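Coordinate analysis (summary)
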Amino acid sequence: MKPTLLILAAGIGSRYGGIKQLDQFGPNGETIIDYSLYDAIRSGFGKVVFIVRKEIKDESEALFAPKLKGKIDYDFAIQGVQSYVPEDLGTVERVKPWGTGHATLCAWEQTDTPFAVINADDFYGLGAFETMSKFLSTDTNDKQHAMIGYEIKRTLSENGTVSRGVCIEREDQNLASVVERTKIFEENGTIYFEEDGEKTELAPETPVSMNFWGFKPSMFPITKELFEEYARVNSNTPKAEFYIPTVMSYIIENGLGDCRVFRSSSDWFGVTYPEDKPKVQASLSALHESGDYPARLWD
């Protein structure tokens, strides 16, 4: 059974100032998602599910469906503010999506195989897709999950702080813990994360999650239970976000499963700020010129 790829594409791009998941970065107007789709198809994924807000569903389908027809199955899942919110809470007043953990939960109905989860605005490279596809296609332990880990020094933006899941590994290459840090930056050659006004240093080789996860379907009911509890506590906090690392931490800490860390030494690139765009465009053009990608992805 071929694995499914879930693409987290419901963000509102508050720091970018627009819908970055649909913005053009490649030499022929490709989005970053186009490269993930291309790499997923040649790595053996059998289905793609786009997780979007209903406001951009039609635009997303018009952009990607013609490219994927006949190449891979695809579907769309809607991440709505009320999705999976307990009915007794009534209408929750918020605009910002509930976060990556909630987004993944919103694709439960469209997903019946082992699956990977990625961001729409991050470029991961072919090797990451090949590694995850092989794991999801061959590992039969329903409680064994996985992630691609990148060195923190390779994932920073020159234009502001970034959010990353900071990881600690066990000796058996499984994850011991992962904590979402929402303000990571480099200052005078040293990398820090800041929380409550206090800076903490991070070693340059510290593995971090770039939201390239591999899950077995057993994570869905766990995620649902955790999100319902989270929503009850945070229904009046419009900027609260329920992250994938919250789910994975719970699974590990409660003995419900493990998460294998596949280390990547590749340079990540993606877009957090508008100023990131020229660098991403140059990086993608170089990959076309080197032959890593054909002149046109979808011809």
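This report concerns the structure included in the present document. Note that the structure is predicted; figures quoted are calculated from it, not measured.

Analysis parameters
Residues numbered from 1 in each chain as written. Predicted model: local features only at pLDDT ≥ 70, side-chain atom pairs only at ≥ 80, totals over all residues. Heavy atoms only, no water. Phe/Tyr/Trp six-rings, centres within 6.5 Å; stacked < 30°, edge-to-face > 60°. Buried < 20%, exposed > 50% of the residue type's maximum accessible area, 1.4 Å probe, protein only. Lys NZ or Arg CZ within 6 Å of the ring centre and 35° of its normal. Axes fitted to C-alpha atoms, helices over the stretch in contact; angles between N-to-C directions. Helix = DSSP H or I, 4+ residues; strand = E, 2+ residues; numbered from the N terminus. Parallel < 35°, antiparallel > 145°, perpendicular 65-115°, else oblique. Contact = heavy atoms within 4.5 Å. Nonpolar A, V, L, I, M, F, W, Y, C, P; charged D, E, K, R; others polar. Core = buried A, V, L, I, M, F, W, Y, C linked by side-chain atoms within 4.5 Å. 1 Å grid on protein atoms, 1.4 Å probe; cavity = no way out; pocket = protein on both sides within 12 Å on 5 of 7 lines; lining within 4 Å. Points joined across faces, edges and corners; volume = space filled by probe spheres on them. Salt bridge = Lys/Arg side-chain N within 4 Å of Asp/Glu carboxyl O. Polar contact = N/O pair within 3.5 Å; in protein donor to acceptor, adjacent residues only side chain to side chain. Disulfide = S-S within 2.5 Å. Pairing = 2+ DSSP bridges.

1. Considering the packing of aromatic side chains
One pass over the full model with this rule turns up 24 aromatic pairs. Ring centres 5.9 Å apart and planes at 20 degrees place the aromatic pair Trp-213 and Phe-215 in the stacked group. Both residues of the pair, Trp-213 and Phe-215, belong to the buried class. Among the aromatic residues, those joined into a cluster by ring pairs are Tyr-35, Tyr-38, Phe-123, Phe-269, Tyr-293 and Trp-298. Note that Arg-94 overlies the ring of Trp-98, its terminal NZ or CZ placed 4.0 Å from the centroid. The ring centre of Phe-25 lies 5.5 Å from the NZ or CZ of Lys-277, which sits over that ring.

2. Looking at the packing of helix H5 (residues 219-234) against helix H6 (residues 244-253)
For any two helices packed against each other, one specifies the crossing angle of their axes together with the interaxial distance. Contact pair H5 / H6: the axes reach a minimum separation of 10 Å and the direction vectors enclose 110 degrees. By the angle class used here, H5 and H6 are roughly perpendicular. Residue-level inspection shows Met-219, Ile-222, Thr-223 and Leu-226 of H5 in contact with H6, the latter providing Thr-246, Val-247, Tyr-250 and Ile-251. The residue inventory of the contact of H5 with H6, partitioned by class, reads six nonpolar, two polar and no charged.

3. Points about the nonpolar core
Counting 53 residues, the largest nonpolar core has Leu-5, Ile-7, Leu-37, Phe-50, Ile-184 and Phe-212 as the members making the most contacts within it. Residues in contact with Phe-50, not counting those within four places in the same chain, are Ile-7, Ile-33, Leu-37, Phe-64, Leu-68, Tyr-74, Asp-75, Phe-76 and Ala-77. Membership of the second largest hydrophobic core comes to 33 residues, among which are Ala-107, Met-147, Trp-213 and Phe-215.

4. Side note on the layout of surface pockets
Each pocket or cavity is described by its volume, and for the second largest pocket that value is around 320 Å³. Counting residues per element, the ones that place at least two in the lining of the second largest pocket are strand S13 (269-270) and helix H7 (277-289). The class makeup of the residues in the lining of the second largest pocket is four nonpolar, five polar and eight charged.

5. A few points about the environment of Ile-148
Turning to its location among the elements, Ile-148 is positioned in strand S6 (residues 144-151). What makes Ile-148 buried here is its relative accessible area of 2%. C-alpha separation for the pair Ile-148 and Ser-264, spaced 116 residues apart in sequence, amounts to 6.6 Å. In this structure, Ile-148 is in contact with Ala-128, Thr-131, Met-132, Val-208, Ser-209, Met-210, Phe-212, Phe-262 and Ser-264, ignoring residues within four places of it in sequence.

6. Remarks on the pattern of salt bridges
One pass over the structure, following the stated rule, counts 19 salt bridges. Residue Asp-39 is joined to Arg-42 by a salt bridge in which the shortest nitrogen-to-oxygen separation is 2.8 Å. Of the two residues, Asp-39 and Arg-42 are both situated in helix H1 (residues 32-43); the distance of three residues between them amounts to about one turn of the helix. Taking the relative accessible area as the measure of exposure, Arg-42 reaches 39% and is therefore partly exposed. Because the salt bridges share partners, they merge into one network encompassing Glu-151, Lys-153, Arg-154 and Glu-205.

7. Some words on the side chain of Thr-111
If you trace the backbone, Thr-111 turns up in the loop between helix H3 (100-105) and strand S4 (115-119). A polar side-chain atom of Thr-111 sits 2.7 Å from the main-chain carbonyl oxygen of Ala-107.

8. Points about the state of the cysteines
Per the counting criterion, the structure on display carries zero disulfides. Of all cysteine sulfurs, the one in Cys-259 lies closest to Cys-167, which takes part in no disulfide; the gap is 7.8 Å.

9. A look at the pairing of S4
Across the five residues of S4, five count as buried, placing the element largely inside the fold. Neither face of S4 is open: one carries Phe-115, Val-117 and Asn-119, the other Ala-116 and Ile-118, and all of them are buried. One ladder, built from five bridges, connects strand S1 (residues 4-8) with S4; its direction is parallel. Bridged to Leu-5 within S4 is Ala-116. Across three bridges, S4 lies against strand S11 (residues 207-215) in antiparallel orientation. Within S11, the residue paired with Ala-116 across the bridge is Gly-214.

10. Details of the environment of Met-219
The residue Met-219 is located in helix H5 in this model. In this structure, the C-alpha to C-alpha distance between Met-219 and Gly-257, residues 38 residues apart in sequence, is 9.1 Å. Not counting chain neighbours up to four residues away, the residues in contact with Met-219 comprise Thr-104, Phe-115, His-145, Val-247 and Ile-251.

Interpretation note: all reported values are geometric properties and have no functional meaning in isolation.
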